[in-house]
Amino acid sequence: MRDGQGNITSLLYTPAANYNRSIGGLDSFRYTVTDDGVSFVSGSLVDDPRTIAGRVFFSLEPVNTAPIFNIPADPREVREDTGLQTVTDFATGIAPGPASATDERTQNVKFHVNMTAADLPPALAGADVSELFDNLPTITGDGTLTYRAAEDVYGIFEFDVLLCDSGLTDSLDPPCDIGVQGTSDRGDVNVSVVRTFTLTVLPVNDAPETINGATPPQVVLEEDGSIFLSIGPGSAGDYDLL
């Protein structure tokens, strides 16, 4: 800032984003100050400006930046009972921090996936997530999604995804189980923003089965006789076909 005479009275210093001493050492700038003084020389006052120079150093302490990733699209729809699903490159752009945070590149990262909603048929209403999936959805560090819906389960399932890194954090909160709790409120963050995705498992009609897997009865009937055969539980008859 300058005063009314154009003299600099203050400076605003803004370092480059994510720059700190771990990346490039101390930052600094040089300055000079020149006055408009006069000196008495040979019986008269003459202009005699004097100048000093200096250098200001800044030690920028590292602050952990949140990890980043993207989920470009939901996985494709799958049919009921199709087994283990593997989706490579499901999560992309995975990093402990932005590209400019070069001091964070050696940090480890870990995904956390949590089901938040499900649109289910009445028979599955209220089921726990562990009952809906034989293999709960997980995402590896290279962005590969794997999951396996339980047998005869179909519906639409919504999930939240977080990425945690092993750097400093002001508050090491669940679900993050990697990271280092900081000693002061410095603004360290080791958890990403939330991303969401949807899994869609389509229903497939199953063939009818006998009750409890029983073998249909072998019926002995006299010639010209008749018999009632029931179909399904609760039907009246001498023998059950299903």
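Located above this text is the structure these notes cover.
Residues numbered from 1 in each chain as written. Predicted model: local features only at pLDDT ≥ 70, side-chain atom pairs only at ≥ 80, totals over all residues. Heavy atoms only, no water.

A. Structural detail: the state of the cysteines. Under the definition given, this model contains one disulfide. Between the sulfur of Cys164 and that of Cys176 lies a disulfide, 1.9 Å long from S to S. Between Cys164 and Cys176 the sulfur-sulfur dihedral comes to about -80°; the bridge is accordingly left-handed. Note that Cys164 is positioned in strand E12 (residues 155–165) and Cys176 in the loop between strand E13 (168–169) and strand E14 (180–181), a separation of 12 residues in sequence. Assessed through its relative accessible area of 0%, Cys164 is described here as buried. (Disulfide = S-S within 2.5 Å. Helix = DSSP H or I, 4+ residues; strand = E, 2+ residues; numbered from the N terminus. Buried < 20%, exposed > 50% of the residue type's maximum accessible area, 1.4 Å probe, protein only.)

B. Highlighting the sheet that holds strand E11 (residues 145–149). An order of E7-E11-E10 is seen for the three strands of this open sheet, with the pairing classed as antiparallel. Two strands in the sheet have a free side with no partner beyond their single neighbour: strand E7 (85–87) and strand E10 (133–139). For this sheet, the mean inter-axis angle between neighbouring strands, taken without regard to orientation, is 20°. Two strands pair when backbone bridges link them, and E10 and E11 are joined in this way by four bridges, in the antiparallel orientation. Paired with Asn135 across the two strands is Arg148, which belongs to E11. (Pairing = 2+ DSSP bridges. Axes fitted to C-alpha atoms, helices over the stretch in contact; angles between N-to-C directions.)

C. Representation of the side chain of Glu104 in the model. Residue placement: Glu104 occurs in the loop between strand E8 (92–95) and strand E9 (109–119). No salt bridge is formed by the buried Glu104; the nearest opposite charge belongs to Arg186, separated by 8.7 Å. Discounting chain neighbours no more than four positions away, the residues touching Glu104 are Val63, Asn64, Thr65, Pro96 and Gly97. (Lys, Arg positive; Asp, Glu negative; His and termini not counted. Salt bridge = Lys/Arg side-chain N within 4 Å of Asp/Glu carboxyl O. Contact = heavy atoms within 4.5 Å.)

D. Layout of the sheet that holds E12. Strand order in this open sheet of four strands is E6-E15-E12-E9, and the pairing throughout is mixed. Two strands bound the open sheet, and with one partner strand each, they are strand E6 (78–79) and E9. With seven bridges joining them, E12 and strand E15 (residues 195–202) adopt antiparallel strand pairing. The residue of E15 that forms the bridge with Phe159 is Phe197.

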